[in-house]
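# Coordinate analysis (summary)
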Amino acid sequence: MIVAIANQKGGVGKTTTAINLAAALALRGRRTLLVDLDPQANSTLSFLDIGQVSKTVYDAVVDGTCGLADVVIKSPVQNLSIAPARIALAKLEAKLVGEMDAHFRLKDKLAPVLKDYPQIVIDCPPTLGLLTVNALVAATHLLIPIQSSYFALEGTDDLLETIEKVRARPNPALRILGVVITMHDKRTALARDIRLQIQKVFGGKVFKTVITKSVRLEESPAYKESIFTFAPDSTGATEYYRLCEEVMDRA
Ligand SMILES: Nc1ncnc2c1ncn2[C@@H]1O[C@H](COP(=O)(O)OP(=O)(O)OP(=O)(O)O)[C@@H](O)[C@H]1O
Ligand SMILES: [Mg+2]
């Protein structure tokens, strides 16, 4: 299972979902790799100090002699390793322009490590550019976080169009695993309306588990911990654990 967490909208909960889903999968005992494809490196820095990182996914993807295994670092979470990012990833598009295999770089680099990591989670940047396309080409499944906000569905058409393009040629097997509503506030009528709208568009693809707004989820990266060790009794921990169960059931 290779799950890409993607939505070109910024700040919708991709990274929060990637780090906590990866941690939940790892807690179940199977080796898990979190691939950080975002030049902002938020996933990386949620578990590691910048000083621990030397080579990154960028090196693996541009340098034929560098394997993904050469950049992977063990995280403090048991069974969870990270393929880290750094700002250099932002140069990838320019670096690979004109290369015939530009869309397939990540897929090719993942192939030799699949036997070591039966579960892979890819955190994407907030664009539909080459990095996200590399994730969609490499992935078996796509998980879309949608923020419970008034503009929640804006841009959905562009995302679906990109998914269809990827499915048409490079990755026909790509499946939409589901849509998870994030930063939901149960108390407001607006949030309930938005949830209905999202369900109208995505139907049964919407996960039953909704991630509510929680300060604990915001805080945990600063302590380099997942929600499961930082605040194991919080609603955030319960919700991401349930989301992981739904992911396992659907995958
Ligand atoms: N359920 C939640 N409750 C409260 N805050 C949240 C929740 N989920 C995410 N956040 C906060 O919202 C902000 C954006 O979340 P996150 O970084 O996960 O989004 P993103 O989609 O990865 O953003 P980007 O597009 O910049 O990569 C962060 O400060 C994060 O801590
Ligand atoms: Mg992010």
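Residues numbered from 1 in each chain as written. Chains lettered and ligands numbered in written order. Predicted model: local features only at pLDDT ≥ 70, side-chain atom pairs only at ≥ 80, totals over all residues. Heavy atoms only, no water.

## As for the pattern of salt bridges
Applying the stated criterion to the full structure yields 10 salt bridges. With a shortest N-O distance of 3.3 Å, Asp59 and Arg86 are connected by a salt bridge. You can see Asp59 sitting in helix α3 (residues 57–62) and its partner Arg86 sitting in the loop between β4 (80–83) and α4 (92–96), a full 27 residues away along the chain. Salt bridges sharing common partners tie together Glu99, Asp101 and Arg105. (Salt bridge = Lys/Arg side-chain N within 4 Å of Asp/Glu carboxyl O. Helix = DSSP H or I, 4+ residues; strand = E, 2+ residues; numbered from the N terminus.)

## Quick notes on the packing of helix α1 (residues 14–27) against helix α11 (residues 235–250)
Close contact between α1 and α11 brings their axes to 9 Å; oriented N to C, the two are set at 70 degrees. Regarding the angle of α1 to α11, the classification is roughly perpendicular. The segment α1 lies against α11, with Thr16, Thr17, Asn20, Leu21, Ala24 and Leu25 engaging Tyr240, Leu243, Cys244, Val247 and Met248. For the contact of α1 with α11, a count of residues per class yields eight nonpolar, three polar and no charged. (Axes fitted to C-alpha atoms, helices over the stretch in contact; angles between N-to-C directions. Parallel < 35°, antiparallel > 145°, perpendicular 65-115°, else oblique. Contact = heavy atoms within 4.5 Å. Nonpolar A, V, L, I, M, F, W, Y, C, P; charged D, E, K, R; others polar.)

## Re the sheet that holds strand β5 (residues 119–123)
Strand order in the open sheet made by the seven strands is β3-β4-β2-β5-β1-β6-β7, with mixed pairing throughout. Here the strands that pair on one side only, and so sit at the sheet edges, are β3 (73–74) and β7 (175–182). For strand β6 (residues 141–147) and β7, the ladder comprises seven bridges, and the chain directions are parallel. Residue Ile144 lies in a different strand from β7, and its bridge partner there is Val179. In this fold α1 packs onto β1 (2–5), β2 (32–36), β4, β5, β6 and β7, with an angle of close to 170 degrees to the strand it touches most, β5. (Pairing = 2+ DSSP bridges.)

## Let's talk about empty space enclosed by the protein
This structure, assessed with the given rule, holds one cavity of 30 Å³ or more. For the largest cavity, the calculated volume is near 50 Å³. Contributing to the lining of the largest cavity are Asn7, Gln8, Lys9, Ile144, Ile146, Ala152, Glu154, Gly155, Thr156, Leu159 and Phe202. Elements with a minimum of two residues in the lining of the largest cavity: β6 and α7 (156–168). (1 Å grid on protein atoms, 1.4 Å probe; cavity = no way out; pocket = protein on both sides within 12 Å on 5 of 7 lines; lining within 4 Å. Points joined across faces, edges and corners; volume = space filled by probe spheres on them.)

## Here's the deal with the site of ligand 1
Taken together, 18 residues surround ligand 1, and among them Gly11, Lys14, Thr15, Thr16 and Ser214 come closest. The backbone of Val12 places a nitrogen or oxygen atom 3.0 Å from an oxygen atom of ligand 1. Contact with the protein chains removes 81% of the 630 Å² of surface that ligand 1 exposes when unbound. Among the cavities detected, the one that contains ligand 1 is the largest pocket. Of all the secondary-structure elements, those providing two or more residues to the shell around ligand 1 are α1 and α9 (215–219). If one sorts the elements of the shell around ligand 1 by residue count, α1 sits on top with three residues. Grouping the constituent residues of the shell around ligand 1 by class yields five nonpolar, eight polar and five charged. (Near = heavy atom within 4 Å. Polar contact = N/O pair within 3.5 Å; in protein donor to acceptor, adjacent residues only side chain to side chain. Areas by Shrake-Rupley, 256 points an atom, 1.4 Å probe, with all protein chains shown as cover. Sits in = over half its atoms within 2 Å of the grid points.)

## Focus on α1
For α1, with 14 residues, the first-to-last C-alpha span of 20 Å sits near the 20 Å given by 1.5 Å per residue. Among the 14 residues in α1, 12 count as buried, and that is most of the element. For α1, every residue scored as buried is listed here: Lys14, Thr15, Thr17, Ala18, Ile19, Asn20, Leu21, Ala22, Ala23, Ala24, Leu25 and Ala26. Gly29, located one to two residues past α1, shows a positive phi value of around 105 degrees. (Expected span 1.5 Å × (residues − 1). Buried < 20%, exposed > 50% of the residue type's maximum accessible area, 1.4 Å probe, protein only.)

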